[in-house]
Amino acid sequence: MNLAELKRQSVPLHAEVASLLRNQIYSGTLPAGAQLPPLSELTESLGVARMTIRQAMDALEEEGLIERHSGRGTFVKPVKMKERHSFKLHAPMSQLSEMVEQLEVSVTVNESTVEDKEIDGVPFRRMTRIHSLDGKPFCHVDLQLVSSIYDQAPQRFSSEIVVSVLNDIGIEIDAAHQRVTISYADVEIAQVLGIKLNSPVFRVFREFFDKDGKLVYSALLIYPGDVLEFNVEFSV
């Protein structure tokens, strides 16, 4: 991996690395008290010089986000997390289905991340995949689907949008919710979506529940910041 190829134009490499770590701290990916990887590990994983990492660490230390201890390592300091204000909207489930049906995307499953797991004792199939639109990466999806439902149409669930397949095979969803936030692309997301490091992305977290209130499907979908927009019509 060459971090220099992923960084934004006119942004110094050490500032890009600092932004990457800063975003992980403020998002909670690196919680208070967490130890950052050693300098040698960061230089290898990010593919940058030791001086670049040191400059990034200097900036984060000056901001009060990390603290260094000789012989022990570098740790994340407690920080005040940014408060998000929730804007709640209600929409029929059919609206989501209609939106999905309009998308003509291809699905590429990352076979290395297909696995079986349990959530509250219930078997789930987890898949990580890329949705492409017009031949370009459109969305990174990390989803979990109840195994008994996945087994009803395994080939379709592996190659099509899950919401569409659930509709086609008659799975009844009693409740659903979706949360949309704006975040920033880390190294993995920048690579798979073909975007610059730390560029804005939409994070869409979606959950479906059955009539008994049990989770049947959840997904984290990450879109480049320039491919979506949300239109809200208010009635007066």
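The coordinates are above.
Not measured: the values here are computed from a predicted model. Here the residue index of a chain counts from 1 through its sequence in written order. In keeping with the predicted nature of the model, local features appear solely for residues at pLDDT of at least 70, side-chain atom pairs appear and are counted solely at 80 or more, and the whole-chain, interface and lining totals rest on all residues. Working from all heavy atoms in the structure, the side-chain values ignore hydrogens and water.

What the protein contains, in helices and strands, is nine helices and eight strands. Principal-axis analysis of the C-alpha atoms gives the protein an extent of 60 × 50 × 35 Å. Exposure categories follow from relative accessible area, calculated using a 1.4 Å probe and restricted to protein chains: below 20% of the type maximum is buried, above 50% is exposed, and the middle band is partly exposed. When the 236 residues of the protein are sorted by exposure, 38% land in the buried category. Working definition of accessibility: Shrake-Rupley area with a 1.4 Å probe, residue cover restricted to the visible protein chains. Taken as a whole, the protein presents about 14,300 Å² of accessible surface, with 48% of it coming from carbon and sulfur. Across the protein, 24 positive and 33 negative side-chain charges occur, with their mean positions spaced 8 Å apart. Going along the chain from the N terminus, every DSSP run of H or I of four or more residues is numbered as a helix, and every run of E of two or more is numbered as a strand. In this tally, Lys and Arg are treated as positive and Asp and Glu as negative; His is ignored, and so are the chain termini. In this description, the location of a charge corresponds to atom NZ of lysine, CZ of arginine, CG of aspartate or CD of glutamate.

Neighbouring strands of a sheet are bound in pairs by backbone hydrogen bonds; such pairs are parallel or else antiparallel. The strand order across the open sheet formed by six strands is 3-4-5-8-7-6, and the pairing between neighbours is antiparallel. Single-partner strands in this sheet number two, and they are strand 3 (105-119) and strand 6 (175-184). Shown here is a sheet whose adjacent strand axes are inclined to one another by a mean of 15°, direction ignored. Pairing between strand 6 and strand 7 (residues 200-209): 10 bridges, direction antiparallel. Its bridge partner being in strand 7, Ala175 is matched across the sheet by Phe209. The pairing criterion is simple: DSSP has to find at least two bridges between the two strands. Throughout, an axis means a line fitted to C-alpha atoms (over the contacting stretch in the case of helices), and angles, computed between N-to-C directions, take values from 0 to 180 degrees.

Turning next to the packing of helix 2 (residues 13-27) against helix 4 (residues 50-62). At a minimum axis separation of 8 Å, helix 2 and helix 4 run at an interaxial angle of 55°. Put simply, helix 2 runs oblique to helix 4. By crossing handedness, the relation of helix 2 to helix 4 is classed as right-handed. Contact with helix 2, carried on its side by Leu13, His14, Val17, Ala18, Leu21 and Arg22, involves Thr52, Ile53, Gln55, Ala56, Met57 and Leu60 of helix 4 and no other residues of that element. Taken together, the residues of the contact of helix 2 with helix 4 break down into eight nonpolar, three polar and one charged. Roughly parallel covers angles under 35 degrees, roughly antiparallel covers those over 145, roughly perpendicular covers 65 to 115, and oblique covers all other angles. Less than a right angle of anticlockwise turn of the near helix away from the far helix marks a crossing as left-handed, whereas a clockwise turn marks it as right-handed. In what follows, a contact means two residues having at least one pair of non-hydrogen atoms within 4.5 Å. Throughout, the ten residues Ala, Val, Leu, Ile, Met, Phe, Trp, Tyr, Cys and Pro are labelled nonpolar, Asp, Glu, Lys and Arg are labelled charged, and all others, Gly among them, are labelled polar.

This part takes up a nonpolar patch on the surface. Here the term patch refers to residues with relative accessible area over 30% and no salt bridge, with like charges joined within 9 Å and nonpolar side chains (Val, Leu, Ile, Met, Phe, Trp, Tyr) within 5 Å. Within this document, salt bridges are pairs made up of a side-chain nitrogen of Lys or Arg and a carboxyl oxygen of Asp or Glu, the two lying within 4 Å of each other. Nonpolar side chains collect at one region of the surface, where Phe87, Leu89, Val232 and Phe234 lie side by side and expose about 450 Å² of accessible area between them. With respect to the secondary-structure elements, Phe87 resides in the loop between strand 2 (73-76) and helix 5 (93-101).

Let us now look at helix 5. Residues of helix 5 that are buried include every one of Leu96, Ser97 and Val100, and no others. Projected down its long axis, helix 5 carries its buried residues within an arc of 100°, all on one side. Looking at the packing, one finds that the buried side of helix 5 touches helix 8 (162-168), strand 6 and strand 7. The directions from the helix axis to the C-beta atoms form the arc being described.

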